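# Architecture at a glance
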Amino acid sequence: MKFASRLVCFDPAPGDRFRPMSTPIYQTATFEQEQTDSCGEYEYSRSGNPTRAVLEKHLAALENGTRGFCFSSGMAAIATVTKLLRCGDEILADSDLYGGTCRLFSKVIDRGGIIAHYADARSPEQFESRVTPRTRLIFAESPTNPLMRVIDLRKMAAIAHAHDALLCVDNSAMSPYLQNPLDLGADIVLHSATKFLCGHHDVTAGAIVVKDEALAEQICFAQNAEGSALSPFDSFLLLRGIKTLKLRVDCQQRTAQSIARFLASHQGIKQVYYPGLSESSDYELQRSQARGPGSVLSFTTDSVEVSKAIAECARFFHIAVSFGGVNSSIGLPGTMSHASVPSELQAARNLPPDLVRISVGIEDEEDLIADLDQAIHRAISIQ
Amino acid sequence: MSTYGLQDSTVAIHGGRSLDSHASSILFPLYQTSTFVHDAVGVDKGFSYSRVSNPTVDALEKAIGALEQTPPAICFRTGMAAITTLLLSVLKAGDHAVISDVVYGGTMRLFREVLGNLGITASFVDTSDAANVEAAITPATRIVLIETPGNPTLKLTDIEAISRITKQHSVLLAVDNTFLTPILQRPLDLGADISILSTTKYIDGHNATVGGSIATRDEKLLERIRMIRKTLGTTQAPFEAWLTLQGIKTLPVRLRLHCEGASLIARWLEKHPAVEYVYYPGLDSFPQKALAERQQRAPGAIISFELKAGKEAAIRALNNVKLCSRAESLGGLETLITHPSSTTHADVDPELRCRLGISDSLIRLSVGLEAPEDIIADLEQAFAAAASGAGLEEVTHEIR
């Protein structure tokens, strides 16, 4: 079955006597048991809920894994992955990570004696040299956010497995439609489902998919023990959003390609970061591991003031964090989504202060390009 | 489960409820779906399309049926959708209806703007005197629709007396029981054929949904109304039904507290020097107190009153409340205060308004579940501010 069909062809209500086309919302905290000494499939919605179960199974299938888990946010999913580690274990992460992930690694899990190190995963040899006997988890996003650098995930998997570590890939920027890290050797794929999976800006959610049963059991245990599972109503909304994933991403990506081309030829723009441009050094690598470059891109202007003014002059691009939704958004990562990155890491990452990140929505392509054009012209003329 | 012999508060929680057989969830699932898969051509599991029926709406209908002691009720998107569907189910061109003159303004508008154009006529009469109903019935009359207590003056209609007349003339009797619900008044036990509820009010009770229901023990009529509902598409939505199912569980408990608070506030109002008159079936001064005691199990929680200083004082008082909310609707946890002549009944002809006792100084209070002392303190300060002249901006907004 092709991907577009897989998105909608699944059993929305296994075992349901009414055979609804849409998954019922089991907005219930608890389930009645037939006997006192054993429980049925469901017992308590923190541990398991029929609505969430449909979503988790569906996502596992879309990521070519065997078990899926949904959480109340992407960060809750990432935090759950860190529960696979214990005191003294180390994480080796790519240096261009989402700010919230850095904050979790540097300011929360360090209290449990887990140490995160960062290295540039675009140089796999150098990256591997930072692996220690205590490295238990290798963590990367690809393409990275916000610099859109492509990491060779097959090589990352080889490094992880050579050192008896797990590879976890944050696939939020790609979605299961464009990239399946488990097929490239990753052990764990996770998503901020708030982004492309939901796509409508109406749910905050996270997801983990694995294919190893022992790993699945550990994650299942943590999800229940910590109570971080996604609510029934959000599970329903997410199931609904996922059905149009391909339609949305196809449209967003097509427009992003045009916008990247437009920006690359605009004299007011210094550099465009997007692996879909054939002149990009990441173009071939991206093609080798993903089915498209996605619809998030960033660019620099050589002036922080001009960059800010572009964001403020744009009408269709809302100044907002998050990406992947039907509405286009724009932001300066240095002051917005990545402000929580510790400053020493910010310096090491060399994040350009004039970097503008845009997430392309499903508005009309001509409208979006005209809007960026007027915003760039106005921004330059104001300065 | 059978609810025979159970107390109201138990019926509200368990009546008509069945565990979802698939997952045994303690709450019925929310079937937010438009359609259902058929096992084979023409073979479904009892549900095929949510305009016709939906498992969650069905669960609500069973729960309301248990409260009403009827077969499953029929639920609608709004109270007006319930009334419209009922009237279109039983009336055709040339037919006639007799309606309480105190009926909700929206029902009057329905006749004036919609049913009248279809050749259906209605007489609006003072049903507090059964003789008026008898006199209004013609050979074309098919239904009598009453509302008791009436809105906003709480004038009562004797359901039993009216039902004797409707039976004699083979006419249906429908009672809008929204103000009391089946917990406090049982129209079907008093001889009525049909019970109507705006579930928006006490049934949901949280100002969270808009909905209506119709219950009857007449199986043929039920079938007819279901068919018309399917045709008109006035069916309740699954999420609204789910929320309403949750609300019903606390209905008896809420009503007890609503009534306790209302009694205290009504007695306080009656003694207040700024108040001209209080309409509340629980007061000794209420002219129909004996009827209230006979057909209601409690006086309810709606109070109307008039201020001595007239219309401007009433508007000023409304503009000065701080805890009470200036809002239409009633029956929720929040105390709502309204000025009927400029809001709910603004659409009613001024002459008729006057005849119905809806003076320009009349204020209606839907007593919520805040502490009665706090509501009283709020009214006290609003009356004082009104007396000092603060807050005179004409309240003008359209009837909803």
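### Description of the overall build of chain A
On a plain count of helices and strands, chain A comes out with 14 helices and 12 strands. Here the C-alpha radius of gyration of chain A, 21 Å, is about what a compact globule of 383 residues would show, namely 21 Å. Seen along its three principal axes, the alpha-carbon backbone of chain A occupies a region of about 75 × 50 × 35 Å. Within chain A, the proportion of its 383 residues that are buried is 52%. Counted over contacts in chain A with a minimum sequence separation of 6, partners at least 24 positions apart contribute 71%.

### Concerning helix H14 (residues 365-382) of chain A
Residue and element names in this part refer to chain A. Helix length check: H14 (18 residues) gives 26 Å between terminal C-alpha atoms against 26 Å at 1.5 Å per residue, within 8%. Turning to H14, its buried residues are Leu368, Leu372, Ala375, Ile376 and Ala379. Down the axis of H14, the smallest arc covering the buried residues is 100°, so these residues share one side. Turned more than 90 degrees away from the buried face of H14, the exposed residues are Glu366 and Ser381. Tucked inside the fold, the buried residues of H14 contact helix H10 (245-264) and helix H12 (304-313).

### Here we look at the domain arrangement of chain B
All names here are of chain B. When the domains of chain B are assigned, the result is domain 1 (8-248) and domain 2 (252-387). A C-alpha centroid distance of 26 Å is found between domain 1 and domain 2. Each partner contributes residues to the interface: domain 1 has 29 residues there, and domain 2 has 33 residues. For the side of domain 1 that touches domain 2, the secondary structure elements donating two or more residues are helix H1 (8-14), helix H4 (105-115), helix H6 (159-168) and helix H7 (181-184). The class makeup of the residues in the side of domain 1 that touches domain 2 is 14 nonpolar, nine polar and six charged.

### Quick look at the sheet that holds strand S1 (residues 74-76) of chain B
Residue and element names in this part refer to chain B. A sheet is described by the order of its strands in space; here seven strands give the open sequence S1-S7-S6-S5-S4-S2-S3, paired in mixed fashion. Two strands in the sheet have a free side with no partner beyond their single neighbour: S1 and strand S3 (121-125). Each adjacent strand pair in this sheet contributes to an overall mean axis angle of 20°, direction not counted. For strand S2 (residues 96-100) and strand S4 (residues 141-147), the ladder comprises four bridges, and the chain directions are parallel.

### Some points on helix H3 (residues 74-82) of chain A
Residue and element names in this part refer to chain A. Most of H3 is tucked away, with eight of its nine residues classed as buried. Residues Gly74, Met75, Ala76, Ala77, Ile78, Thr80, Val81 and Thr82 constitute the buried set of H3. Each element contacted by the buried residues of H3 is listed here: strand S1 (67-71), helix H4 (99-107), strand S5 (166-170), strand S6 (188-192), strand S7 (206-210) and helix H8 (213-226).

### Observations concerning the sheet that holds strand S10 (residues 325-326) of chain B
Residues and elements named next belong to chain B. If you trace the five strands from one edge of the open sheet to the other, you get S8-S9-S12-S11-S10, paired in mixed fashion. Single-partner strands in this sheet number two, and they are strand S8 (275-279) and S10. As paired strands, S8 and strand S9 (residues 302-307) are joined by four bridges and run antiparallel to one another. Counted as the bridge partner of Val275 is Leu307 from S9.

### Some remarks on the environment of A:Gln218
Inspection of the secondary structure puts A:Gln218 in helix H8. In the structure, A:Gln218 is positioned 75 residues away from A:Pro293 in sequence and 33 Å away in space, judged by C-alpha atoms.

### Some points on the packing of helix H10 (residues 251-271) of chain B against helix H14 (residues 372-387) of chain B
All names here are of chain B. Two numbers describe how H10 lies on H14: the axes approach to 9 Å, and their chain directions differ by 35°. Both H10 and H14 take part in a crossing whose hand is right-handed. Between H10, through Gly261, Leu264, Ile265 and Trp268, and H14, the contact on the second element is made entirely by Pro372, Ile375 and Ile376. Residues of the contact of H10 with H14, tallied by class, amount to six nonpolar, one polar and no charged.

### Quick word on the environment of A:Arg248
Residue and element names in this part refer to chain A. Mapped onto the elements, Arg248 comes out in helix H10. Using a count of 21 C-beta atoms within 10 Å as the deciding quantity, one classes Arg248 as buried. With 113 residues separating them in the primary sequence, Arg248 and Gly361 have C-alpha atoms 8.2 Å apart. Sequence-distant contacts of Arg248, that is, excluding residues within four places in its chain, are made with Gly199, Val326 and Ile362.

### As for the nonpolar core
With 224 residues, the main nonpolar core has A:Ala207 and B:Ile303 as its most contacted residues. Look past the residues within four positions of A:Ala207 in its chain and what remains in contact with it is A:Leu59, A:Gly68, A:Phe69, A:Cys70, A:Phe71, A:Ala77, A:Leu190, A:His191, A:Ala193 and A:Leu197.

### What about the domain arrangement of chain A?
Residues and elements named next belong to chain A. With domains assigned, chain A is organised as domain 1 (3-242) and domain 2 (246-382). If you average the C-alpha positions of domain 1 and of domain 2, the two centres end up 26 Å apart. In this complex, domain 1 contributes 33 residues to the contact, which on the side of domain 2 involves 35 residues. For the side of domain 1 that touches domain 2, the secondary structure elements donating two or more residues are helix H1 (3-8), H4, helix H6 (153-162) and helix H7 (175-178).

### Points about the interface of chain B and chain A
The interface of chain B with chain A comprises 21 residues on the first partner and 21 residues on the second. Along the lines of polarity and charge, the residues of the side of chain B that touches chain A split into 12 nonpolar, eight polar and one charged.

Rules behind the numbers
- Residues numbered from 1 in each chain as written.
- Chains lettered and ligands numbered in written order.
- Predicted model: local features only at pLDDT ≥ 70, side-chain atom pairs only at ≥ 80, totals over all residues.
- Helix = DSSP H or I, 4+ residues; strand = E, 2+ residues; numbered from the N terminus.
- Rg over C-alpha atoms; globule rule 2.2 N^0.38 Å.
- Buried ≥ 20, exposed ≤ 12 C-beta atoms within 10 Å, placed from the backbone.
- Contact = placed C-beta atoms within 7 Å.
- Expected span 1.5 Å × (residues − 1).
- Arc of directions from axis to C-beta.
- Domains from an automatic or database assignment.
- Nonpolar A, V, L, I, M, F, W, Y, C, P; charged D, E, K, R; others polar.
- Pairing = 2+ DSSP bridges.
- Axes fitted to C-alpha atoms, helices over the stretch in contact; angles between N-to-C directions.
- Left-handed = near helix turned anticlockwise from the far one by under 90°.
- Core = buried A, V, L, I, M, F, W, Y, C linked by C-beta atoms within 7 Å.

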